[in-house]
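Descriptive analysis of the structure
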Amino acid sequence: MAKFCEKCGTELKKDDTFCSNCGNSVNGTKAVATSPVNSGNSKSKIAAGLLGIFLGALGVHNFYLGYTGKAVGQLLLTLVGWIACGLGPIAASIWGLIEGIMILCGSINKDAEGNDLVD
């Protein structure tokens, strides 16, 4: 039976005394769970996918999932891209559409914190 860190949900090796992800002490059974821990911040796969399809050029789906750097990149590509013959918004729209479809298909199934997206 696999053991998981109670604080962050990372799978532990047999003789770990500290979680390799968060440093939580896992001595004894108090700090160890037998199933992955969900931090309660689950994001909806459907919401993220639809945000990507319809508002992906603005990076809204990436802001929602916590990928702030990628979201700012999409937003800047859209806003500043008007200067370059309008190619920036077109590229950002295609990027958002593809990511939205990948989220709905399950290819992208975790948020920035590593939590699984829920249906």
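Here the structure is a predicted model, which means the values were calculated and not measured.

**Considerations on helix α1 (residues 45-55)**
Along α1, the positions that sit buried rather than exposed are Lys 45, Ala 48, Gly 49 and Gly 52. Buried residues in α1, looked at end-on, bunch into an arc of 100°, giving them a common side. Of the surrounding elements, those touching the buried residues of α1 are α2 (60-65) and α4 (87-105). You can read the cap of α1 off the contacts: a side-chain oxygen lies 3.3 Å from the backbone nitrogen of Ile 46, and it is on Ser 44.

**Regarding the environment of Gly 66**
The residue Gly 66 is located in the loop between α2 and α3 (68-80) in this model. Since its relative accessible area comes to 37%, Gly 66 is described here as partly exposed. Between the alpha carbons of Gly 66 and Lys 43 there is a distance of 9.9 Å; along the sequence they are 23 residues apart.

**Structural notes on the packing of aromatic side chains**
A complete count under the given rule lists 0 aromatic pairs for this structure. The side chain of Lys 70 reaches across the aromatic face of Tyr 67, ending 5.0 Å from its centre.

**Some words on a nonpolar patch on the surface**
Judged by side-chain polarity, Ile 46, Leu 50, Phe 54, Leu 55, Leu 58 and Leu 104 come together as a nonpolar surface patch covering roughly 540 Å² of accessible area. Residue contributions to the nonpolar patch peak at 4 residues, all from α1. Looking at the secondary structure, you find Leu 104 in helix α4.

**Section: the packing of α3 against α4**
Closest axis-to-axis distance for the α3/α4 pair is 7 Å, and the angle between their directions is 145°. Where α3 approaches α4, its residues Lys 70, Gln 74, Leu 77 and Thr 78 are matched on the opposing element by Gly 88, Pro 89, Ala 91, Ala 92, Trp 95, Gly 96 and Glu 99.

**Quick notes on the environment of Asn 115**
Structurally, the position occupied by Asn 115 is in the segment after α4. Separated by 72 residues in sequence, Asn 115 and Lys 43 place their C-alpha atoms 8.0 Å apart.

**What about the side chain of Gln 74?**
In this fold, Gln 74 is placed in helix α3. Side chain to side chain, Gln 74 and Asn 62 meet in a polar contact 2.7 Å long. Other than its neighbours up to four places away in sequence, Gln 74 contacts Gly 56, Ala 57, Gly 59, His 61, Asn 62, Ala 92, Trp 95, Gly 96 and Glu 99.

**Examining α4**
Given a rise of 1.5 Å per residue, 19 residues ought to cover 27 Å, and the 27 Å separating the end C-alpha atoms of α4 matches this to within 8%. Gly 88, Pro 89, Ala 92, Gly 96, Glu 99, Gly 100 and Ile 103 are the residues of α4 that are buried. With its buried residues spanning 105° around the axis, α4 presents them on a single face. Across α4 from its buried face, at more than 90 degrees, point the exposed residues Leu 87 and Cys 105. Taken together, the buried residues of α4 touch α1, α2 and α3. Immediately downstream of α4, the backbone of Gly 106 shows phi near 95°, a positive value.

Cut-offs applied
Residues numbered from 1 in each chain as written. Predicted model: local features only at pLDDT ≥ 70, side-chain atom pairs only at ≥ 80, totals over all residues. Heavy atoms only, no water. Buried < 20%, exposed > 50% of the residue type's maximum accessible area, 1.4 Å probe, protein only. Helix = DSSP H or I, 4+ residues; strand = E, 2+ residues; numbered from the N terminus. Arc of directions from axis to C-beta. Contact = heavy atoms within 4.5 Å. Polar contact = N/O pair within 3.5 Å; in protein donor to acceptor, adjacent residues only side chain to side chain. Phe/Tyr/Trp six-rings, centres within 6.5 Å; stacked < 30°, edge-to-face > 60°. Lys NZ or Arg CZ within 6 Å of the ring centre and 35° of its normal. Patch = residues over 30% accessible without salt bridge, like charges linked within 9 Å, V, L, I, M, F, W, Y side chains within 5 Å. Areas by Shrake-Rupley, 256 points an atom, 1.4 Å probe, with all protein chains shown as cover. Salt bridge = Lys/Arg side-chain N within 4 Å of Asp/Glu carboxyl O. Axes fitted to C-alpha atoms, helices over the stretch in contact; angles between N-to-C directions. Expected span 1.5 Å × (residues − 1).

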